[in-house]
Amino acid sequence: MFIIFILFTFQSLCAIPLAEQFKQTGYLEICDKKYGIEKFDSLYAHFDKLIEFLQTNPVWAQKLYIAKERFIRSKAKHFYSTDFFSFYDESTTRGQISFYYSMHFHEFIYTNYKEFKQVPEIIRFFEICLEIQKPYGDIFNEAANELGIKTIFSSKLEQPPILFKIIKYLPSYIATKPHYDGTAFSLFLDSTDNQSLLLSSYKALLKIDDFSSPARTTQTSILLIPGSFLSEFSIYPTPHIVTKSGKTRYATIAFAMRPNYISQITKFATLPNF
Ligand SMILES: [Fe+2]
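Quick notes on the rules
- Once a new chain begins, its residue numbering starts again from 1 and follows that chain's sequence as written.
- Reporting in this predicted model follows two pLDDT cut-offs: at least 70 for local features of residues, and 80 or more for side-chain atom pairs to be given and counted; totals over whole chains, interfaces and linings ignore these cut-offs and use all residues.
- Here, strands pair whenever DSSP counts at least two bridges between them.
- Numbered from the N terminus, helices here are DSSP runs of H or I no shorter than four residues, and strands are runs of E no shorter than two.
- Axis definition: a line fitted to C-alpha atoms, limited for helices to the stretch in contact. Angles are taken between N-to-C directions and run from 0 to 180 degrees.
- What counts as a contact is two residues whose backbone-derived C-beta atoms lie within 7 Å of each other.
- Working definition of burial: number of other C-beta atoms within 10 Å of the residue's own, with buried at 20 or more, exposed at 12 or fewer, and partly exposed in between, all C-beta atoms being placed from the backbone.

So what exactly am I meant to see when it comes to the sheet that holds strand 9 (residues 249-256) here?
Taken in spatial order, the 7 strands make up an open sheet running 1-7-5-9-4-3-2, and their pairing is antiparallel. The outermost strands of the open sheet, each flanked by one partner alone, are strand 1 (28-30) and strand 2 (86-90). Taken over all neighbouring pairs, the strand axes of this sheet differ in orientation by 20° on average, direction set aside. Relative to the sheet, helix 7 (residues 120-133) contacts strand 3 (96-101), strand 4 (162-169) and strand 9, its axis offset from that of strand 4 by approximately 120°. Sheet contacts for helix 8 (residues 136-146): strand 1, strand 4, strand 5 (185-191), strand 7 (222-226) and strand 9; angle to strand 5, the most-contacted strand, approximately 140°.

Structure (structure tokens):
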């Protein structure tokens, strides 16, 4: 039933083929957020508690760092083809704090570092991440299917590798340049300030004026964009930037990674300075 609904979501939204949609606008809007604002507010509240805990208990921040270093040397890392996991406190350098959650990192910690299970700030944050990220694997599968590239997610596991990022932007956050995501797809799930996300479709020559905030059918829709891991299929990444606002805000993104992917040396269009 769920799959049928997703199929329906894609067919009804993609009046044109998905590859063409990405070429024309750089994104696909999907009006199927699955969770309400309350759920994401609760996620951000748990994230704040985790941040406070790790900032006041550097020993635990260090333990988490050691666990992450061990995880990226384990086999599981190849499923995601990235080293980005866990907690990044860049509050003093870039005005942002983020957490890259993955189901396998969660499992790895519970198996190898049982003491983490005694920290409510960690358990509660992991549990809500696990719950929220779960349904989006079907959207990534469906997108890959639509594009005729479903083998990109092939592995022993049924679901695509999902890296689930929660980010807190502080008033001191500054953005100067757009970027491309090192992912197969990125799904912008929630933001406390949708207007701050600007993007452009991919083109050889990119100017500041090409970037704008996507016009949404509803404020609660989610946006799917291609990342840089699909260029061998002539699907080019969507450049985007989160602009500064001088306020505290939060965002949640689900990244579809690519099992055993070796980064291609591809030179994408140069990005303009904002
Ligand atoms: Fe990004």
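How do you make sense of helix 8 when you look at a structure like this?
Note on helix geometry: an α-helix contains 3.6 residues per turn, so any two residues three or four positions apart are oriented the same way. Tyr136, Ile139, Phe140, Glu142, Ala143 and Ala144 are the residues of helix 8 that are buried. Gly148 sits one or two positions beyond helix 8 and adopts a positive phi of about 75°.

Where do I start with the pairing of strand 9 in this structure?
Counting buried residues in strand 9 gives 7 out of 8 residues, a clear majority hidden from the surface. As paired elements, strand 4 and strand 9 share 8 bridges and run antiparallel to each other. Residue pairing in the sheet places Ile166 in a bridge with Thr252 of strand 9. With 6 bridges joining them, strand 5 and strand 9 adopt antiparallel strand pairing. Bridged to Phe188 within strand 9 is Ile253.

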